[in-house]
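Per-entry structural report
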Amino acid sequence: QVRMVESGGGLVQTGGSLRLSCAASGRTFSMYAMGWFRQAPGKEREFVARINWIGGITYYADSVKGRFTISRDNAKNTVYLQMNSLKPEDTAVYYCAGDLSGGTYWGQGTQVTVSS
């Protein structure tokens, strides 16, 4: 059993910053990557960023490159998403996902709202 818990969402003005956290617990020994996805109202869930657990290689959606940074703390089984220069189009529910040998595990989501 693996549990993913996100935190750090909220309301921010255009140009502001937020930092999301996601802590994984349980049987996480086979974790090989963690990432962030988001889903805006009326839209499909989309990829935001991903980080490999070993080596720390990162991947980003074009829409967030240069503004968002994903990082990890292996000792805490935690991944972070630093979001800068936020735009109204970044408004969405942000979900954490953990890739393990047994499958992908999702968090419950955290709301990010960017006001114009």
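Before any of the text, the structure's been laid out above.
Report follows, based on the coordinates. (Residues numbered from 1 in each chain as written. Predicted model: local features only at pLDDT ≥ 70, side-chain atom pairs only at ≥ 80, totals over all residues. Heavy atoms only, no water.)

**Observations concerning the sheet that holds strand β3 (residues 18-26)**
Neighbouring strands of a sheet are bound in pairs by backbone hydrogen bonds; such pairs are parallel or else antiparallel. Spatially, four strands are ordered β1-β3-β8-β7 in an open sheet, and the strand pairing comes out antiparallel. Either end of the sheet is taken by a strand with one partner, and the two such strands are β1 (2-7) and β7 (68-73). The average angle at which neighbouring strand axes cross in this sheet is 15°, direction not considered. Bridge analysis of β7 against strand β8 (residues 78-83) gives six bridges, and the strand direction is antiparallel. By the bridge assignment for β8, serine 71 is matched with tyrosine 80. (Pairing = 2+ DSSP bridges. Helix = DSSP H or I, 4+ residues; strand = E, 2+ residues; numbered from the N terminus. Axes fitted to C-alpha atoms, helices over the stretch in contact; angles between N-to-C directions.)

**Side note on the environment of tyrosine 80**
Note that tyrosine 80 resides in strand β8. By relative accessible area, tyrosine 80 is classed as buried at 13%. C-alpha separation for the pair tyrosine 80 and serine 21, spaced 59 residues apart in sequence, amounts to 4.5 Å. Non-local contacts of tyrosine 80, meaning those with residues more than four positions away in its chain, are made with Arg19, Leu20, Ser21, Trp36, Thr69, Ile70, Ser71 and Asp73. (Buried < 20%, exposed > 50% of the residue type's maximum accessible area, 1.4 Å probe, protein only. Contact = heavy atoms within 4.5 Å.)

**Some remarks on unusual backbone geometry**
The phi dihedral of asparagine 77 falls on the positive side, at around 50°, and the residue is not glycine. Of note, serine 85 is a non-glycine position whose phi angle comes to about 50°, a positive value. Overall, serine 85 belongs to the partly exposed group, its relative accessible area being 41%.

**Thoughts on the packing of aromatic side chains**
Between two aromatic rings, the relevant description is the distance of the centres plus the angle of the planes. Evaluated as defined, the whole model comprises two aromatic pairs. With centroids separated by 5.7 Å and ring planes inclined at 75°, the aromatic side chains of phenylalanine 37 and phenylalanine 47 adopt a geometry described as edge-to-face. Taken together, the residues phenylalanine 37 in strand β4 (residues 33-39) and phenylalanine 47 in strand β5 (residues 46-52) connect sequence positions ten residues apart. Exposure remark for phenylalanine 37: the relative accessible area of 23% places this residue in the partly exposed category. Through pairs of rings, three or more aromatic residues link up here, namely Phe37, Phe47 and Trp106. (Phe/Tyr/Trp six-rings, centres within 6.5 Å; stacked < 30°, edge-to-face > 60°.)

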